[in-house]
Amino acid sequence: MASTSNPTSGATHPSPRKTFTVGTRKSKLALSQTDLVVAALKAVYPDHEFKIHSQETAGDLNTTIAFREFATKNLWTEELEEHLMAGHVDFIVHSLKDVPTLLPPACTLGPMMKREDSRDVLVVKKGLQYTSLSDIPAGSVVGTSSIRRTAQLASKYPHLKVLDLRGNIGTRLAKLDAEDSPYTCIILAAAGLLRLGLEDRITQYLDSKNGGMLYAVGQGALGIEIRKDDQVMRDMLSNIGHDRTTFAALAERSLLRTLEGGCSAPLGVETEWVQSPEGSQKLRMRSIVVSVDGKESAEVEVDGSIDSTQAAEEFGVTVAKELVTKGAGKILEDIQREKQAS
């Protein structure tokens, strides 16, 4: 699965610009992810300078409201995108799962670097000896603000309680481990813990075969947002891009965009590259939509031949249509109706 070819070819000519400004959030994880991108670019363009502009966003400033209660979907991106469109920064580094599937018309995502582990993980409170979700006793509290995780937990582990948990990784771990904490465990993305060197806190990796949890669209990938007309930046990113990550992530985002047009649907995905009987590599996508109470679900597994960004986008639409035929449309309509009523 170690494809290193690039979605955009012929991007070897030197850049006329030598100094670039990178936009990012101020969290420790966001800055660490920005450093990964800058280091990759510096390896290809050692004579270029990359300045960091970091700032807090709406999602950082309000850490008490659950994500699903926000009216807007661009909690983590809007302020930085304004700087990008104004020319104050040349590109933005995001956690891709935080990037809405509909970007401002002047913006686009560039080629993506190789993805970190995309799975969710279980993190158990320090001092407790549970080793998996199935070990957690009835009535225990799981911390998460994700509607996707809440719905899947309600479906697979109805005996557990879910309590909202917001904040950066350090804050969430501190809330979990506090002596008076109500939480027995929390669920986080593996990628954030791995990038911060906190892999020792991972109790169990969760996927379709372990724990039965599918991850968020784009999870583990970095979204590098650029101005749509900035060919220089697109060419530079092509030299650090990874086809399979880019294609899989674009397919996942296309699936979500087709289903709901944003990032609040209780949609879980799992993508992997598999060898077909004919010997070619195909993208296998598993996907599930679960009602918030966990009582209804629609699930599919589809293989597709993906060799371009356009094919990736089309594959996402195909999987979305398959999900709708399995009942996902009704589940999402019910969720929208409840949102509007509240």
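Refer to the structure above for everything that follows.
Reference entry: report on the structure contained in this document. Sequence order sets the numbering: in each chain, residues are counted from 1 along the sequence as written. In view of the model being predicted, local features appear only for residues whose pLDDT reaches at least 70, and side-chain atom pairs are presented and counted only at 80 or more, with totals across whole chains, interfaces and linings using the full set of residues. Heavy atoms from the whole structure form the basis of all side-chain values; hydrogens and water molecules are not counted.

A word on the sheet that holds strand β9 (residues 204-206)
Argument step 1. Strand pairing follows a simple DSSP-based rule, namely that at least 2 bridges must link the two strands. Runs of E in the DSSP output that reach at least two residues are strands. Runs of H or I that reach at least four are helices, and both are numbered from the N terminus. The strand order across the open sheet built from five strands is β7-β6-β8-β5-β9, with neighbouring strands paired in mixed fashion. Every other strand in the sheet has two partners, leaving β7 (161-163) and β9 as the edge strands with one partner each. Neighbour-to-neighbour, the strand axes of this sheet turn through a mean angle of 30 degrees, independent of strand direction.
Argument step 2. Where strand β5 (residues 120-124) and strand β8 (residues 185-189) come together, five bridges link them in antiparallel fashion. All axes are obtained by fitting lines to C-alpha atoms, using only the stretch in contact for helices, and the reported angles, taken between N-to-C directions, cover 0 to 180 degrees.

Examining helix α1 (residues 28-44)
Argument step 1. A helix is expected to reach a length of 1.5 Å times the quantity of its residues less one. The end-to-end C-alpha distance of α1, which contains 17 residues, comes to 25 Å, matching closely the 24 Å that a straight helix rising 1.5 Å per residue would cover.
Argument step 2. Categorising residues by exposure relies on relative accessible area from a 1.4 Å probe, with only protein chains included: less than 20% of the type maximum marks a residue as buried, more than 50% marks it as exposed, and the intermediate range marks it as partly exposed. Those residues of α1 lying buried are L29, A30, S32, Q33, T34, V37, V38, A40 and L41.

Description of helix α8 (residues 243-259)
Argument step 1. Here α8 contains 17 residues, and its C-alpha end-to-end distance of 24 Å stays within 8% of the 24 Å for a straight helix at 1.5 Å per residue.
Argument step 2. Counting buried positions over the 17 residues of α8 gives 15, a clear majority of the element.

A few points about the nonpolar core
Argument step 1. Membership of the largest hydrophobic core comes to 36 residues, with the highest contact counts inside it found for L255, L259, L267, V289, I306, F315 and L323.
Argument step 2. Secondary-structure elements contributing two or more residues to this core are α8, β11 (267-275), β12 (281-290), β13 (297-304), α9 (309-325) and α10 (328-341).
Argument step 3. Looking at this core, the element that brings in the most residues is α8, giving eight residues.
Argument step 4. Two domains each donate at least three residues to this core, and these are domain 1 (18-113 + 221-241) and domain 3 (242-341).
Argument step 5. Definition of nonpolar core: a set of buried residues of the types Ala, Val, Leu, Ile, Met, Phe, Trp, Tyr and Cys, connected through side-chain atoms within 4.5 Å. If you look at the next biggest cluster of nonpolar residues, it comprises 18 residues, including A40, F91, M113 and M233. Where each domain starts and ends follows an automatic or database-derived domain assignment.

Considerations on the packing of aromatic side chains
Argument step 1. Each aromatic pair joins two rings of Phe, Tyr and Trp (for Trp, the six-membered one) with centres within 6.5 Å, and gets the label stacked for planes under 30 degrees apart, edge-to-face for over 60, and tilted for any other angle. In this structure the tally under the stated criterion is two aromatic pairs.
Argument step 2. Taking 5.7 Å as the distance between ring centres and 20 degrees as the angle between the ring planes, the aromatic pair formed by F20 and F50 counts as stacked. Here F20, found in strand β1 (residues 19-25), pairs with F50, found in strand β2 (residues 49-55); they are 30 residues apart in sequence, far enough to count as distant.
Argument step 3. Owing to a relative accessible area of 0%, F20 belongs among the buried residues under this scheme.
Argument step 4. The exposure class assigned to F50 is buried, which follows from its relative accessible area of 11%.
Argument step 5. When the ring of F50 is compared with that of F91, the centres are 6.5 Å apart and the planes differ by 75 degrees; the resulting orientation is edge-to-face. Of this pair, F50 sits in strand β2 while F91 sits in strand β3 (residues 91-95), and the two are 41 residues apart along the sequence.
Argument step 6. Judged by relative accessible area, F91 falls into the buried class, the value being 0%.
Argument step 7. Linked through ring pairs, F20, F50 and F91 together constitute an aromatic cluster.
Argument step 8. Over a ring means this: the NZ of a Lys or the CZ of an Arg is within 6 Å of the ring centre and within 35 degrees of the ring normal. Above the ring of W273, the side-chain terminus of R244 is found at 5.3 Å from the ring centroid.

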